[in-house]
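Structure assessment
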Amino acid sequence: MKQKIFFYLFLFISLIALYQFISTNNMVKAKNGLIEAKAEKLEVLEDSIRGLQVKVMDMQYFSLDNNDDALSYYDHLKLDSPSSYITDKLLETNESKGNNPLVPYEGMEGDFKINKIKVLNHKWILADFSDGKFWGELLIKYELKDDLGVDFTLIDHLLYTRS
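Now for a quick tour of the structure. (Residues numbered from 1 in each chain as written. Predicted model: local features only at pLDDT ≥ 70, side-chain atom pairs only at ≥ 80, totals over all residues. Heavy atoms only, no water.)

**A word on the side chain of S130**
Within the secondary structure, S130 is located in strand β2 (residues 124-130). A distance of 2.9 Å separates a polar side-chain atom of S130 from the backbone nitrogen of G132. A polar atom in the side chain of S130 sits 3.1 Å from the backbone oxygen of F134. Aside from chain neighbours lying at most four places away, what touches S130 is D111, F112, K113, N115 and W135. (Helix = DSSP H or I, 4+ residues; strand = E, 2+ residues; numbered from the N terminus. Polar contact = N/O pair within 3.5 Å; in protein donor to acceptor, adjacent residues only side chain to side chain. Contact = heavy atoms within 4.5 Å.)

**Structural notes on the pattern of salt bridges**
By the definition in use, this model includes three salt bridges. Here D47 makes a salt bridge to R50, at a shortest N to O gap of 2.3 Å. Here R50 and D47 lie together in helix α1 (residues 2-59), a separation of three residues that amounts to about one turn. By relative accessible area, R50 is classed as partly exposed at 46%. Note that E92 and K89 form a salt bridge whose closest N and O atoms lie 3.8 Å from each other. Placement of both E92 and K89 in helix α3 (residues 82-92) is noted, with a separation of three residues, approximately one turn of the helix. E92 gets classed as partly exposed once you look at its relative accessible area, which sits at 41%. Among the residues examined, K89 registers a relative accessible area of 26% and is labelled partly exposed. (Salt bridge = Lys/Arg side-chain N within 4 Å of Asp/Glu carboxyl O. Buried < 20%, exposed > 50% of the residue type's maximum accessible area, 1.4 Å probe, protein only.)

**Structural notes on the pairing of strand β3 (residues 135-144)**
Side chains G136, L138, I140, Y142 and L144 of β3 all project onto a buried face; the interleaved residues W135, E137, L139, K141 and E143 project onto a face where none is buried. As paired elements, β2 and β3 share seven bridges and run antiparallel to each other. When the bridges of β3 are listed, D128 appears paired with E137. Where β2 folds back onto β3 in an antiparallel hairpin, the turn is made up of four residues, including G132, whose phi is positive at roughly 105°. Of the pairings in the sheet, the one linking β3 to strand β4 (residues 150-159) comprises nine bridges and is antiparallel in character. (Pairing = 2+ DSSP bridges.)

**What to know about the sheet that holds β3**
Read across the open sheet, the four strands follow the order β1-β2-β3-β4; overall the sheet is antiparallel. Each edge of the open sheet is held by one strand with a lone partner, namely β1 (113-119) and β4. Averaged over all pairs of adjacent strands, the angle between strand axes in this sheet comes to 30°, irrespective of strand direction. Strands in contact with α3 are β1, β2, β3 and β4; relative to β1, the strand with the most contacts, it is inclined by about 160°. (Axes fitted to C-alpha atoms, helices over the stretch in contact; angles between N-to-C directions.)

**Quick look at the nonpolar core**
Y142 and F152 are the most contacted members of the largest nonpolar core, which has 22 residues in total. Elements supplying a minimum of two residues to this core: α2 (68-71), α3, β1, β2, β3 and β4. Among the elements that take part in this core, β3 stands out by supplying four residues, more than any other. The residues contacting Y142, other than those within four sequence positions of it, are L64, Y74, I86, V119, N121, H122, K123, W124, I125, V150, D151 and F152. (Core = buried A, V, L, I, M, F, W, Y, C linked by side-chain atoms within 4.5 Å.)

So, in structure tokens, the structure goes:
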């Protein structure tokens, strides 16, 4: 009888060990599959990031902040960020009542105001303007003077038509 108890005990322990072995093996395979899937996804995301970094570098090519030759014109002014300073000065032109004085159109749904600004170099700015319904773009020439005054001159403009 003692021998049967040990036999059944051995059989029961063997079944438990077999179950644990198979269960752990399946769990390891599942975890390895997840790890491989995550590694593949990580590789795809890293490729996407590299592609986006190249796009950002291309977009920043025409930017005062990344143009050392253009920035050298403002070294003597001791400005932390000439681009931000010029942008702020251009946005100040929106504060006047009515349309922005640089926009050569009369607002149809409201007053035309400058929204987005891209300082290209030490001479030119691209700007977007809108009255809420109609919009257009401006090419502006500017001059940052030694007394930190900024003169803006409109070079060209366009107003998009609504279809």
